[in-house]
Amino acid sequence: MTKEKTMKHILPTTVLIAGILLSACNTTKKLYEAQEYDQVIMRTAPRICAGQYRNDLIAMVAASYHKANQADHERIQALKASGQPDVWSEIFERYSSMKGRCEALDCFPKEIKKSINYTKLNLDDDLQAAQNKAEAYLTAKIAQILNTEEPDLDKADQLIMSLERVNAENPRIGDFKLKSLAKRHGGSIDKLMHAEVFEQDISPDRDETVSFKETKGEFTAIVTDHKLSKTATIKGKVFFIDPKSRHLLLKMPFEVSSRFEHSYSTVEGALEACSEQTMERLKQQPVPFPTGKSLLEDAEQKLLDLIHQKIQ
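For the structure given in this document, a descriptive report is provided here. Since this is a predicted model, take the numbers as computed values, not measurements.

1. Regarding the overall build of the chain
Step number 1: Looking only at helices and strands, the chain has 10 helices and four strands in total.
Step number 2: For the chain, the N- to C-terminal ordering of α and β elements is α-α-α-α-α-α-α-α-β-β-β-β-α-α.
Step number 3: Relative to the compact-globule value of 20 Å for 312 residues, the chain shows a C-alpha radius of gyration of 33 Å, a clear excess of over 25%.
Step number 4: Classification of the 312 residues of the chain by burial places 36% in the buried group.

Pasting the structure below:
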């Protein structure tokens, strides 16, 4: 009786798993027939890594892997042979795809890797070289377009998106986006700007001193050099919003600092003992520390100046 109950519980589960695998196989087959090879790999590789696989699925993912890599390899060779400077973005993306496929299959059991003729590809050097050349071309081309009197802003924005795909951390992306936005609005973006400060920091008043002795003949003096400093920093984001539609056009993080520094010297003892350098420094008089509020206001102005400088 116990055995029969157990079988009744096991049988439906087995049928369910078989149904899921059959459905997955049918969907994968359709993707394979449509030559959507990367979709086949994305759907099937995790199941094979987890031990859920059938021979027909293994065959499809293996064929997809080799066909997709072969197509990318041939395209890369043709692009390189063209000698054109604008091909490196596509070359980078195709190397990235090849590396992604290789990583997706790397967790396959050893016997499956051997049966499908899988070899781990070392594409890091090729990928880095393509990325460097693509970034160099894209940054130069975008700058060239944006610096013309009547720039093709749609083309510039398209290339900026390509640059983001090649390296989202490229430090010039934000400046390019800002300059493109400004040119679309005739160079006037003040009405579009809205800044939100998330953090502000004001350092304490600092008076760093160094004292030393100077002598000249029978005269002696103790000279103290003072270095005053104080810093205010603001961090946040600038939002550029279309005043009519209220749609967000661009957002950029910022961190801007305003720093106060002043040096002067004081003397205890005979001035006759002081060197020419000390006498020159004594011309600098002590000044009061600025308030934190004034430094923050200066930092805000620096942010505006920085934005205006970037769109020139």
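So that's the structure; there's more coming.
2. A short note on the packing of aromatic side chains
Two descriptors summarise a pair of aromatic rings, namely the distance from one centre to the other and the angle between the planes of the rings.
Step number 1: Here the structure, examined in full by the defined rule, presents three aromatic pairs.
Step number 2: With a centroid separation of 5.8 Å and 45° between ring planes, the pair formed by tyrosine 65 and tyrosine 118 is classed as tilted. Of the two residues, tyrosine 65 sits in helix H3 (residues 55-82) while tyrosine 118 sits in the loop between helix H5 (110-115) and helix H6 (124-146), which places them 53 residues apart along the sequence.
Step number 3: Overall, tyrosine 65 belongs to the buried group, its relative accessible area being 3%.
Step number 4: Between phenylalanine 260 and phenylalanine 289 the ring centres are 5.9 Å apart and the planes differ by 65°, which places this aromatic pair in the edge-to-face class.

3. Side note on the environment of serine 162
Step number 1: With respect to the element layout, serine 162 can be found in helix H7 (residues 153-166).
Step number 2: Exposure remark for serine 162: the relative accessible area of 11% places this residue in the buried category.
Step number 3: In this structure the C-alpha to C-alpha distance between serine 162 and glutamine 77, which are 85 residues apart in sequence, comes to 21 Å.

4. Looking at unusual backbone geometry
Step number 1: One non-glycine residue with positive phi stands out, namely glutamine 35, at about 65°.
Step number 2: In the Ramachandran plot, arginine 246 falls in the positive-phi region, its phi being about 65° despite a non-glycine side chain.
Step number 3: Here arginine 246 is to be found in the loop between strand E3 (219-241) and strand E4 (248-269).
Step number 4: The exposure class of arginine 246 is exposed, given its relative accessible area of 57%.

5. Focus: the pairing of E3
Step number 1: Sheet analysis places strand E1 (residues 193-202) next to E3, joined by nine bridges and oriented antiparallel. Of the residues in E3, the one forming a bridge with glutamine 200 is isoleucine 234.
Step number 2: As defined by bridge partners, strand E2 (residues 206-216) adjoins E3 across 11 bridges and the pair is classed as antiparallel. The partner of arginine 206 across the bridge, within E3, is serine 229.
Step number 3: Between the end of E2 and the start of E3, which pair antiparallel, lie two residues, with glycine 217 showing a positive phi angle near 65°.

6. Focus on the nonpolar core
Step number 1: Core analysis: the biggest nonpolar cluster contains 25 residues, and Ile91, Tyr95, Ile142 and Phe176 have the highest contact counts within it.
Step number 2: Of all the secondary-structure elements, those providing two or more residues to this core are H3, helix H4 (88-105), H6, H7 and helix H8 (173-184).
Step number 3: Considering each element in turn, this core owes the most residues, eight residues, to H6.
Step number 4: Once residues within four sequence positions are removed from consideration, isoleucine 142 is found in contact with Ala156, Leu159, Ile160, Leu163 and Phe176.

7. A closer look at the state of the cysteines
Step number 1: Evaluation of the coordinates by the stated rule reveals one disulfide.
Step number 2: No disulfide involves cysteine 102; its sulfur sits 11 Å from that of cysteine 107, the nearest cysteine.

8. Description of the pattern of salt bridges
Step number 1: Taken as a whole and assessed by the stated rule, the structure comprises 18 salt bridges.
Step number 2: The partner of lysine 120 in a salt bridge is aspartate 106, with the nearest N and O atoms 3.7 Å apart. A residue pair is termed long-range when its members are at least 10 positions apart, and lysine 120 in the loop between H5 and H6 and aspartate 106 in the loop between H4 and H5 qualify at 14 residues.
Step number 3: Across the pair lysine 283 and glutamate 280 runs a salt bridge, and its minimum N-O distance is 3.3 Å.
Step number 4: We classify lysine 283 as exposed; its relative accessible area is 57%.
Step number 5: Residue classification places glutamate 280 among the partly exposed residues on the basis of a relative accessible area of 48%.

9. Some remarks on the side chain of lysine 230
Step number 1: Structurally, the position occupied by lysine 230 is in strand E3.
Step number 2: With a relative accessible area of 8%, lysine 230 lands in the buried category.
Step number 3: A distance of 3.1 Å separates polar atoms of two side chains, one belonging to lysine 230 and the other to aspartate 205.
Step number 4: When residues no more than four places from it in sequence are discounted, the contact partners of lysine 230 are Ile202, Ser203, Pro204, Asp205, Ser258, Arg259, Phe260, Phe289, Pro290, Thr291, Gly292 and Leu295.

So, how was this worked out
Residues numbered from 1 in each chain as written. Predicted model: local features only at pLDDT ≥ 70, side-chain atom pairs only at ≥ 80, totals over all residues. Heavy atoms only, no water. Helix = DSSP H or I, 4+ residues; strand = E, 2+ residues; numbered from the N terminus. Rg over C-alpha atoms; globule rule 2.2 N^0.38 Å. Buried < 20%, exposed > 50% of the residue type's maximum accessible area, 1.4 Å probe, protein only. Phe/Tyr/Trp six-rings, centres within 6.5 Å; stacked < 30°, edge-to-face > 60°. Pairing = 2+ DSSP bridges. Core = buried A, V, L, I, M, F, W, Y, C linked by side-chain atoms within 4.5 Å. Contact = heavy atoms within 4.5 Å. Disulfide = S-S within 2.5 Å. Salt bridge = Lys/Arg side-chain N within 4 Å of Asp/Glu carboxyl O. Polar contact = N/O pair within 3.5 Å; in protein donor to acceptor, adjacent residues only side chain to side chain.

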